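So the chains spell out like this:
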Amino acid sequence: MSSPRALSDIKRDLESFVGSKIRLKANRGRNRIVEREGVLESIYPNIFVVKLNERKIERRVSYSYADVLTETVELFVYDTQDAEIRIASANN
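As a convention, each chain's residues are numbered from 1 in the sequence order in which they are written. In keeping with the predicted nature of the model, local features appear solely for residues at pLDDT of at least 70, side-chain atom pairs appear and are counted solely at 80 or more, and the whole-chain, interface and lining totals rest on all residues. Heavy atoms from the whole structure form the basis of all side-chain values; hydrogens and water molecules are not counted.

Enquirer: Even after reading the chapter, I still don't get the pairing of strand S1 (residues 21-27), so can you show me in this structure?
Expert: Within a regular strand, side chains alternate between the sheet's two faces. Two strands qualify as a pair provided that DSSP identifies no fewer than 2 bridges between them. Helix and strand assignments follow DSSP, with helices taken as H or I runs no shorter than four residues and strands as E runs no shorter than two, numbered in order from the N terminus. When S1 meets strand S2 (residues 33-43), the two strands line up antiparallel, connected through seven bridges. For alanine 26, the partnering residue across the bridge sits in S2 and is valine 34. The antiparallel hairpin formed by S1 and S2 contains five residues in its connecting segment, where glycine 29 sits at a positive phi of about 90 degrees. As defined by bridge partners, S1 adjoins strand S5 (residues 73-78) across five bridges and the pair is classed as antiparallel. Counted as the bridge partner of arginine 23 is phenylalanine 76 from S5.

Enquirer: Mind showing me how you'd approach the environment of proline 45 here?
Expert: Tracing the chain through its elements places proline 45 in the loop between S2 and strand S3 (47-54). Burial classes follow relative accessibility: with a 1.4 Å probe on protein chains only, a residue under 20% of its type's maximum area counts as buried, one over 50% as exposed, and anything between as partly exposed. With a relative accessible area of 61%, proline 45 lands in the exposed category. What makes two residues a contact is simply this: any of their non-hydrogen atoms within 4.5 Å. Excluding anything up to four places from it in sequence, proline 45 contacts Lys11 and Tyr65.

Enquirer: For this particular structure, what's the right way to read the packing of aromatic side chains?
Expert: Where two aromatic rings form a pair, the distance of their centres and the angle of their planes describe that pair. Pairing of aromatic rings covers Phe, Tyr and Trp, the last through its six-membered ring, and needs centres within 6.5 Å; plane angles under 30 degrees mean stacked, over 60 mean edge-to-face, and all others mean tilted. Going through the model one piece at a time under the given rule, you end up with two aromatic pairs. Ring plane angle 35 degrees and centroid distance 6.2 Å describe the contact between phenylalanine 48 and tyrosine 63, whose orientation is recorded as tilted. Here the residue phenylalanine 48 occupies a position in strand S3, and tyrosine 63 occupies one in strand S4 (residues 57-64), the gap between them amounting to 15 residues. On the basis of relative accessibility, which here comes to 0%, the residue phenylalanine 48 falls in the buried class. Within the aromatic cluster, the residues linked to one another by ring pairs are Phe48, Tyr63 and Tyr65. In this scheme, Lys NZ or Arg CZ marks a charge over a ring once it lies within 6 Å of the ring centre and within 35 degrees of the ring normal. Here lysine 21 stacks its cationic end above the ring of tyrosine 78, 4.8 Å away from the centre of that ring. When the ring centre of phenylalanine 76 is taken as origin, the NZ or CZ atom of arginine 23, which lies over that ring, is 4.3 Å away.

Enquirer: Honestly, the sheet that holds S1 in this entry has me stumped. Any pointers?
Expert: Each strand in a sheet pairs with its neighbour through backbone hydrogen bonds, running either in the same direction (parallel) or in the opposite one (antiparallel). Strand order in the open sheet formed by six strands is S4-S3-S2-S1-S5-S6, and the pairing between neighbours is antiparallel. Because the sheet does not close on itself, it has two edges, and the strands there are S4 and strand S6 (84-87). In this sheet, adjacent strand axes meet at a mean angle of 40 degrees when their direction is disregarded. Under this scheme, a helix contributes an axis fitted over its contacting stretch, all axes are lines through C-alpha atoms, and angles between N-to-C directions fall in the 0 to 180 degree range.

Structure (structure tokens):
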């Protein structure tokens, strides 16, 4: 089973983008897909935290690396030219 290796690869990929602006696309079930922009704030052993600024309210959401692996959550990082780079997908 290659899941532990894949989870560690996702974590390693995300570590280099801490502090970067990202776009988050999350499948919340029952055909509800949420898209938000924020900053990848911190990385922990089992989760990562994204800081969102919505309507002048600062909010933090956390997701597990398994959410990225199963593509429940898709992450796109903005590079210096504001082009999006998809990171840590199961197909990469």
